[in-house]
Amino acid sequence: MESKKDKLVRFNNKGSALIEKPLPVYKATVPLLKTEGGHGDRNSSSRIPKFGKFKVFPEDHEPWRERILDPGSELFLQWNRIFLFWCLVALFVDPLFFYMPSVINKDDTSCMDTDLNLGIVVTCFRTLADAFYILHIIIKFRTAYVSPTSRVFGRGELVTDPDMIAMRYLKSDFFIDLVAALPLPQIVIWFIIPAIRSAHADHTTNALVLIVLLQYVPRLYLIFPLSSQIIKATGVVTKTAWAGAAYNLLLYMLASHVLGASWYLLSIERHATCWKSECRKETNPLQCNPHYLDCGTLDDGGRLKWGNSTVVFSNCDPNNNISFNYGIFEIALTKEVFSSHFLQKYFYCLWWGLQNLSSYGQSLNTSTFMGETLFAILIAILGLVLFAHLIGNMQTYLQSITVRLEEWRLKRRDTEEWMRHRQLPQDLRERVQRFVQYKWLATRGVDEESILWALPPDLRRDIQRHLCLDLVRRVPFFSQMDDQLLDAICERLVSSLSTQGTYIVREGDPVTEMLFIIRGRLESSTTNGGRTGFFNSINLRPGDFCGEELLSWALLPKSSVNLPSSTRTVRALDEVEAFALRAEDLKFVANQFRRLHSKKLQHTFRYHSYHWRTWGACFIQVAWRRHKKRMMARNLSMMESFSYHPDEQAGCATEEEEEDHSLASSNSSQVKQNFGVTILASRFAANARRGAQKMKDVEMPKLQKPEEPDFSAEPDDE
């Protein structure tokens, strides 16, 4: 009977198959590590190939439980961010334990109680945060580290041996992480306090406070190396400047939260000290029992009798004239903070902490009690350090938002001072200011070229392809090129900005770059070398280009060092954004890629070149005029031939007149009329010949034919 389970086959290096027992199939969710810190291929490990009933595993296949995390991977970075968030949550939750003690006022008596409902809610959040601390410990046992001896060059080599990772972690941060992850407050609240509640009247929970403080220190310490790891991986803790400012403000508010909770706990501790002190003094009429201060004995008969006759509560009321000095904690009693609802007491304590932390405790009126004085000193020191840290970091983050704007303002001010010092005319000043303003709107002060050239060639090529390829393909001349040639051109294109009225190039000046228009309009005009009576003007729109003389120069096999002269004057009609291809870059592309010499590109170049279009239009115009002259000469010749035919008829009539005298009188008027027509026709024909001869001698103005580029076709070109 065949087993329904799939058999597993592993292939060794020699190619032989080893059938093993069935193992569970794991889907890879964590990148594998290489010895040099490389990432594994997720796609190749996400599926296990199957051959019939056999599942084939690669030789280095390992279950996810045995995999080692790369400390520089994106997954580990995301985990650090998540753990940082829960560390802040834990730091916020722990001080809430300080609000558990409270005072209940009933009629003329008071008692002290512990809010266990608040404790249960807080411990639930605390347990959730502790789970992330425990998970963080497990992850650190499976996270590689960079060998210190391999940091001579580059990143260094990762150590992926689990034993070495565990040994290093146990010797470094394991004890701190373990102390931070222990659920000690939960044990105290859920088990210890209910067990001793009946025999215990001290509701200040000193043991709980001590435990929370002991764990708060390592938990606060863990934030600093965690933030350092995130900064090493990405450069900053947060991705935006506003988020960085909010993060620092959150830390400041967290300090205010801790300070307010501590002040509340110390206030109620000071109040309990006054009660105990007066209780020990009271012996008449009834002796005070410390258990009477607990709300658990509020219904006891002895407690009721003692409550009707005691003066403990009145002697500890700061509204009366008492000898006990509460100092900075007096306002908690006068405002009845102890007996308020949780949200009321929490926000009041938060405000107290924020106020005194921001003012360095200057408004505090302390007593001579040493603990109170030390607490006030701590407030002053923390306020000074944290406020300076907050202001400094927030200023840094907020200035980083406007640093480009401030640089532009300084540069603009320097430009205006320079123009005023050099006494430039007003029109030049306006043109300079317009260009500076337009460049700021287009680039926001970022030097794109320096950023691109600081990247690796492959990455720079991909970025240039993404930015320029679609725009370059809008140019009809480039649409006929293959991807390899377009990549070479895109890699060397630079952005060019021109304001309205700017002359890109003037007729007769050397052409230094080809310009491919992306946005805006240009006016291209020529006078054919300054000839009188010749002017040609066209408008260039997005998709057109100018400076085609440079392409003809670059395609020549033995082009001179001197750049070609421009045959046109190009001026911006409005703001123009374009890509420029410099002369040296175009020459390099033409020498490296013979594809640029194909006949197909020749026809495309001539078709879209306005220089060639103008020459072609003038050539057609001259040919048409020659045709018109020929037609005119032919018509004149025909008219001349018609004028000679009446002349011959007049000669014949004269001979007949000599022979026949009888008809002279009747035909004399007709002969005179024919003779006059003949004279006029002969004169018109002579004048027409002279005019045609003059028109032949006058040459029409001709536009110089563009220099013929070297479009020598390769053998494989069609």
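Quick note: structure is the one above.
The model shown is predicted, which means the values in this text are computed figures rather than measured ones. Every chain is numbered on its own, with residues counted from 1 as its sequence reads. Only residues with pLDDT of at least 70 are given local features in this predicted model, and only at 80 or more are side-chain atom pairs given and counted; all residues enter the totals for whole chains, interfaces and linings. By convention in this description, side-chain values take in all heavy atoms of the structure and omit both hydrogens and water.

Quick look at the sheet that holds strand β16 (residues 576-582)
At least two bridges found by DSSP between two strands are what make those strands a pair. A run of H or I in DSSP becomes a helix once it reaches four residues, and a run of E becomes a strand once it reaches two; helices and strands are each numbered from the N terminus. If you walk across this open sheet you meet the 4 strands as β9-β16-β11-β14, and the pairing is antiparallel. In this open sheet, the two edge strands, each paired with only one partner strand, are β9 (494-498) and β14 (545-546). Of the pairings in the sheet, the one linking β9 to β16 comprises 5 bridges and is antiparallel in character. Residue pairing across strands places Ser 498 opposite Val 576, the latter belonging to β16. By definition in these notes, contact holds between two residues if any of their heavy atoms fall within 4.5 Å. In this description, a line fitted to the C-alpha atoms serves as the axis of each element, helices being fitted only across the stretch in contact, and the angle between N-to-C directions of two axes falls anywhere from 0 to 180 degrees. Helix α18 (residues 548-555) contacts β11 (513-519), β14 and β16 of the sheet and is inclined by roughly 135° relative to β11.

Some details on unusual backbone geometry
At Tyr 360, a position not held by glycine, the phi torsion is positive, near 60°. For Tyr 360, a relative accessible area of 28% corresponds to the partly exposed category. With a phi angle near 55°, Gln 423 is a residue other than glycine that sits in the positive phi range. Its location among the elements puts Gln 423 in the loop between α13 (370-421) and α14 (426-443). Think of it in three bands: residues with accessible area under 20% of the maximum for their type are buried, residues over 50% are exposed, and the middle band is partly exposed, with areas taken using a 1.4 Å probe on protein chains only.

Overview of α18
With 8 of 8 residues buried, α18 is to be regarded as a mostly interior element. Taken together, the buried positions of α18 are Glu 548, Glu 549, Leu 550, Leu 551, Ser 552, Trp 553, Ala 554 and Leu 555.

Details of the environment of Ser 496
Within the element layout of this structure, Ser 496 appears in strand β9. Classification of Ser 496 as buried rests on a relative accessible area of 15%. Between the C-alpha atom of Ser 496 and that of Val 576, which follows or precedes it by 80 residues, the distance is 8.1 Å. Non-local contacts of Ser 496, meaning those with residues more than four positions away in its chain, are made with Leu 515, Val 576, Glu 577, Ala 578 and Ala 580.

Things to note about the packing of aromatic side chains
Stacked, edge-to-face and tilted are the three classes for Phe, Tyr and Trp ring pairs, Trp counted by its six-membered ring, which pair at centre distances within 6.5 Å; planes under 30 degrees apart are stacked, over 60 edge-to-face, the rest tilted. Following the criterion strictly, the structure yields 25 aromatic pairs and no others. Arranged with centres 5.7 Å apart and planes meeting at 80°, the rings of Phe 85 and Trp 86 form a pair that is edge-to-face. Using a relative accessible area of 18% as the deciding quantity, one classes Trp 86 as buried. Aromatic rings pair up to connect Phe 92, Tyr 99, Tyr 264, Phe 338, Phe 342, Tyr 346 and Phe 347 into one cluster. The ring of Tyr 503 has Arg 506 lying over it, and the distance from NZ or CZ to the ring centre is 3.9 Å. Throughout this description, the term charge over a ring refers to an Arg CZ or Lys NZ atom that lies within 6 Å of the ring centre and within 35 degrees of the ring normal.

Notes on the nonpolar core
Grouped together as the largest cluster of nonpolar side chains are 83 residues, with contacts concentrated most on Tyr 99, Tyr 133, Trp 263 and Trp 275. Considering every element that reaches this core, the biggest residue donor is helix α8 (residues 241-281), with 13 residues. With near-sequence residues (within four places) excluded, Trp 263 lies in contact with Ile 328, Phe 329, Ile 331, Ala 332, Tyr 348, Cys 349, Trp 352 and Phe 375. Throughout, nonpolar core names a set of buried Ala, Val, Leu, Ile, Met, Phe, Trp, Tyr and Cys residues whose side chains join them through atoms within 4.5 Å. With 27 residues, the next largest nonpolar core counts Phe 478, Ile 518, Trp 553 and Leu 586 among its residues.

Let's talk about the sheet that holds strand β13 (residues 536-540)
Taken in spatial order, the 4 strands make up an open sheet running β10-β15-β12-β13, and their pairing is antiparallel. Here the strands that pair on one side only, and so sit at the sheet edges, are β10 (503-505) and β13. Each adjacent strand pair in this sheet contributes to an overall mean axis angle of 25°, direction not counted. As judged from the 5 bridges shared by strand β12 (residues 522-526) and β13, these two strands associate in the antiparallel manner. Across the sheet, the residue bridging to Ser 525 is Ser 537, located in β13.

Points about the state of the cysteines
The bond known as a disulfide is covalent and runs between the sulfur atoms of two cysteines. For this text, the term disulfide refers to a pair of cysteine sulfurs within 2.5 Å. Per the counting criterion, the structure on display carries 3 disulfides. In this model, Cys 274 is linked to Cys 316 through a disulfide, with the two sulfur atoms separated by 2.1 Å. Here the S-S torsion is close to -100°, and the disulfide linking Cys 274 with Cys 316 is therefore left-handed. You can see Cys 274 sitting in helix α8 and its partner Cys 316 sitting in the loop between α10 (312-315) and α11 (330-334), a full 42 residues away along the chain. This pair shows no difference in class: Cys 274 is buried, exactly as Cys 316 is.

These figures capture arrangement, not role.
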